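Notes for the structure review
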Amino acid sequence: MKAQTIGRILLGSAMVGAGVLHLTTQRQEFQAQVPDWFPIDEDVTVVGSGVVEIALGGAFVALPKHRGTIGALLAAFYVAIFPGNIAQYVEGTDAFGLDTDRARFVRLFFQPVLVLWALWAGGLLTRRAQRRRQAEALATEDVDTGE
């Protein structure tokens, strides 16, 4: 099994697990991480993000032919929730054992790792994938222009 496939399955499974925790035993911990300035109710935010995590994680595992699209969506999701991680650091919010400024600060560096992991496991960072996308774009261009 390719390392990329293992990475995709691990990340997808972790996302499903995190999503389930959003909806069950760790719900209050996740609510504590929702910034005060976020305009949506904390519980609605946690439930919604949990459902999204389960859906994206499950799809990443179960739909390997769509790994590129799902990897890109996962990366976008990680970027979208990053302001919450920054707020947790800036506001000094304790959750999941992140009870010091140093721990909350160090955590910020893991979000870019998750973004890169999603892109890599989705096959979006390889030269072959880039060449394939370029060839598809050229083929589409040829069809559009009638050449």
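If you're wondering where the values come from, they're calculated on a predicted model, not measured in any experiment. (Residues numbered from 1 in each chain as written. Predicted model: local features only at pLDDT ≥ 70, side-chain atom pairs only at ≥ 80, totals over all residues. Heavy atoms only, no water.)

Okay, the pattern of salt bridges next. Within the structure shown, the criterion is met by 3 salt bridges. Measuring nitrogen to oxygen at the nearest pair gives 2.7 Å for the salt bridge that ties Asp43 to Arg27. Taken as a pair, Asp43 in helix α3 (residues 42-62) and Arg27 in helix α2 (residues 27-32) lie far apart in primary sequence, 16 residues in all. Residue Asp94 pairs with Arg104 through a salt bridge whose shortest N-O separation is 2.7 Å. (Salt bridge = Lys/Arg side-chain N within 4 Å of Asp/Glu carboxyl O. Helix = DSSP H or I, 4+ residues; strand = E, 2+ residues; numbered from the N terminus.)

This part is about the side chain of Gln33. Secondary-structure assignment places Gln33 in the loop between α2 and α3. On the basis of relative accessible area, Gln33 is assigned to the buried category, the value being 12%. Engagement of the side chain of Gln33 in a polar contact is seen with the side chain of Gln88, the distance being 2.9 Å. Apart from residues no more than four positions distant in its own chain, Gln33 is found in contact with Gly84, Gln88, Ala95, Phe96 and Arg107. (Buried < 20%, exposed > 50% of the residue type's maximum accessible area, 1.4 Å probe, protein only. Polar contact = N/O pair within 3.5 Å; in protein donor to acceptor, adjacent residues only side chain to side chain. Contact = heavy atoms within 4.5 Å.)

Such coordinate-based values are descriptive only and should not be taken to indicate function.
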